[in-house]
Amino acid sequence: MVNEKMRGLGACRSVIRELFEYGKKRKAEIGAENVFDFSIGNPSVPSPEAVNETLVGLLRERDAVSLHGYTSAQGDVGVRRAIADYVASTHGATVDPDLIYLTVGAAASLTVSLTALLEAGDEVILLAPFFPEYRVFVERTGAVAVPVLCNTKTFQPDFEALRAAITKKTRAIIVNSPNNPTGAVLTRESIEGIAKVLEEASAANGAPIYLIADEPYRELVYGDVEVPYLPHFYRNTLVCYSFSKSLSLPGERIGYILVSPQADDAVAVYQAVCGAGRALGFVCAPALFQYMIPSVLGMTSDISIYDRNRRLLYDALTEYGYEAVKPDGAFYLFVKALEEDANAFCERAKQYELLLVPSDSFGCPGYVRISYCVTTEQIQKSLPAFKRLAESYQAEK
Ligand code: PLP
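Residues numbered from 1 in each chain as written. Predicted model: local features only at pLDDT ≥ 70, side-chain atom pairs only at ≥ 80, totals over all residues. Heavy atoms only, no water.

(A) Up close: the packing of aromatic side chains. Summed over the entire model, instances satisfying the criterion amount to 16 aromatic pairs. With a centroid separation of 6.4 Å and an interplanar angle of 80°, the aromatic rings of phenylalanine 334 and phenylalanine 362 are classed as edge-to-face. Of this pair, phenylalanine 334 sits in strand E9 (residues 332–336) while phenylalanine 362 is found in the loop between strand E11 (357–358) and strand E12 (367–371), placing the two residues 28 residues apart along the sequence. Judged by relative accessible area, phenylalanine 362 falls into the buried class, the value being 0%. A connected cluster of aromatic rings, assembled from ring pairs, spans Phe155, Phe334, Phe362 and Tyr367. Over the face of the ring belonging to tyrosine 291 we find arginine 62, whose NZ or CZ atom lies 4.4 Å from the ring centre. (Phe/Tyr/Trp six-rings, centres within 6.5 Å; stacked < 30°, edge-to-face > 60°. Helix = DSSP H or I, 4+ residues; strand = E, 2+ residues; numbered from the N terminus. Buried < 20%, exposed > 50% of the residue type's maximum accessible area, 1.4 Å probe, protein only. Lys NZ or Arg CZ within 6 Å of the ring centre and 35° of its normal.)

Here it is in structure tokens:
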């Protein structure tokens, strides 16, 4: 006998992973250059040179036994201090290294934070569309995921819908900006609005509703778009950060949780984070990558390539008649499907060798997500296929 819920999760892959696997098979059949795979958010731009230089330097210069040894469960104290100093100076914030917990990426930051905060039966609000794994992470704790759809004209939050979704059982909300799958970046007004709703609801509930800020795309913004620091607006905030996307290191699994020192009972929240890390076996994130962090804080891969892809794709697709909100960040374009059923639309797109992710599992049916962290050449080559796909619908009218 096994845990049936876990077996179900393992037996059926996510829609994104399913498509990614299909893409691998199709590429073997007709050649990788003939498949336009926009399925997965795997960065396509190399890490900054400083990443490898730092790693090589550590391997050459540091004592191998201590380099590869266990760090403190919550992460090396020198690394936590470096992160605290960097975040404090970048955002003019108060940050306590003893409220930072190193993790194996944003996925672990989220599961640890949710496990720290939730009891079975609690409710967690997910602003939709959302990263589909949120539902898996929330439900594993025995809590209930409550999707709240954003305004689909802007993909900014709908405050009335948010207010209406909060109950006495609401314990947390997950906010993701820049957003996967829309590329939207929460504006200052949106954050102030969310904070106001949460303050009022926390007061009415007599217990804080925590804001979990999932921020693996924080630095991936284009033009002069601002990504406000959420703890400035709402004190009961946990920031879940990851270096996966900013430094193109998703396979190395490194990130952190930062509990705002202003949070009510910040120390208790942090103790619960440490306890959740322990219970889940997520102690001592990879030591080599922890020690890399102080040398590369604030760096990013060359995101001008994503910006070029973004403009090329958005301009061409809207010219062909597709509808989309221009993304300000991350590396996703969220496009309205050309028929009501996004799954049927994606099946038709496959006939043109376009691999697009249908949006149902993002909690916002009727759209597709296009990951444009691919080569610019792939985008250029795919444009005629997007055009013919649109024409196939226009011909039916
Ligand atoms: N959160 C969001 C919104 C993501 O898009 C992803 C990965 O694509 C994650 C979390 C997980 O990131 P990590 O690879 O750092 O675990």
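(B) Local environment of the sheet that holds E12. Overall, antiparallel pairing links the 3 strands, which are arranged E9-E12-E11 in an open sheet. Unpaired on one side and paired on the other, E9 and E11 mark the two borders of the sheet. Pairing analysis gives 2 bridges linking E11 to E12, with the strands arranged antiparallel. Within E12, the position partnered with proline 358 by the bridge is valine 368. Most of the contacts of helix H12 (residues 304–319) go to E9, to which it runs at about 10°, and overall it touches E9 and E12. (Pairing = 2+ DSSP bridges. Contact = heavy atoms within 4.5 Å. Axes fitted to C-alpha atoms, helices over the stretch in contact; angles between N-to-C directions.)

(C) The site of the ligand, seen in detail. Surveying the vicinity of the ligand reveals 14 residues, the closest of which are Asp214, Tyr217, Ser242, Ser244 and Arg253. A distance of 2.8 Å separates an oxygen atom of the ligand from a polar atom in the backbone of alanine 106. Lysine 245 has a polar side-chain atom sitting 2.8 Å from an oxygen atom of the ligand. Calculation on the ligand without its partners gives an accessible area of 400 Å², and the protein chains cover 91% of this total. Broken down by element, the residue count for the shell around the ligand peaks at 3 residues, all from helix H6 (residues 105–117). (Near = heavy atom within 4 Å. Polar contact = N/O pair within 3.5 Å; in protein donor to acceptor, adjacent residues only side chain to side chain. Areas by Shrake-Rupley, 256 points an atom, 1.4 Å probe, with all protein chains shown as cover.)

(D) Broad picture of the pattern of salt bridges. All chains considered together, the criterion is met by 20 salt bridges. Glutamate 199 serves as the salt-bridge partner of arginine 235, at 3.5 Å between the closest nitrogen and oxygen. Taken together, the positions of arginine 235 in the loop between strand E6 (210–214) and strand E7 (237–242) and glutamate 199 in helix H9 (residues 188–205) put the pair 36 residues apart, joining distant regions of the chain. When its relative accessible area of 32% is taken as the criterion, glutamate 199 is described as partly exposed. Between arginine 348 and glutamate 396 there is a salt bridge, and its shortest N-O distance comes to 2.8 Å. Taken together, the positions of arginine 348 in helix H13 (residues 342–350) and glutamate 396 in the segment after helix H14 (376–394) put the pair 48 residues apart, joining distant regions of the chain. (Salt bridge = Lys/Arg side-chain N within 4 Å of Asp/Glu carboxyl O.)

(E) Representation of the pairing of strand E5 (residues 170–176) within the structure. In terms of burial, E5 is a largely internal element, 6 of the 7 residues being buried. In the sheet, strand E3 (residues 123–128) pairs with E5 via 4 bridges, with the strands oriented parallel. Paired with valine 124 across the strands is alanine 172, a residue of E5. With 5 bridges connecting them, E5 and E6 associate as parallel partners. Counterpart to alanine 172 in the pairing with E6 is tyrosine 210. In terms of handedness, the path from E5 via H9 over to E6 forms a crossover that is right-handed. (Right-handed = clockwise from strand over helix to strand, strands pointing away.)

(F) Focus on the domain arrangement of the protein. Looking at the assigned domains, one finds that the protein contains domain 1 (4–47 + 302–394) and domain 2 (50–296). Taking the mean C-alpha position of each, domain 1 and domain 2 sit 26 Å from one another. Contact with domain 1, which involves 31 residues of that partner, is made by 33 residues of domain 2. Across the interface of domain 1 and domain 2, roughly 2500 Å² is buried in total on both sides, 65% from carbon and sulfur atoms. At the surface where domain 1 touches domain 2, the tally comes to 0 salt bridges. Elements represented by at least two residues in the side of domain 1 that touches domain 2 include exactly helix H1 (4–11), H12, E9 and E12. Of the residues belonging to the side of domain 1 that touches domain 2, the class tally is 19 nonpolar, 7 polar and 5 charged. (Domains from an automatic or database assignment. Buried area = accessible area lost by both parts, 1.4 Å probe. Nonpolar A, V, L, I, M, F, W, Y, C, P; charged D, E, K, R; others polar.)

(G) H9, seen in detail. Helix length check: H9 (18 residues) gives 25 Å between terminal C-alpha atoms against 26 Å at 1.5 Å per residue, within 8%. Along H9, the residues that are buried comprise Ser190, Ile191, Gly193, Ile194, Ala195, Val197, Leu198, Ala201 and Ser202. (Expected span 1.5 Å × (residues − 1).)

(H) View of the packing of H6 against helix H10 (residues 266–280). Look at H6 against H10: their axes get within 8 Å of each other, and the N-to-C directions meet at 115°. Every pair of crossing elements has a handedness; the one defined by H6 and H10 is right-handed. In this structure, H6 contributes Thr111, Val112, Thr115, Ala116 and Leu117 to the contact, and H10 contributes Val269, Ala272, Val273, Ala276, Gly277 and Leu280. Among the residues forming the contact of H6 with H10, the class breakdown is 8 nonpolar, 3 polar and no charged. (Left-handed = near helix turned anticlockwise from the far one by under 90°.)

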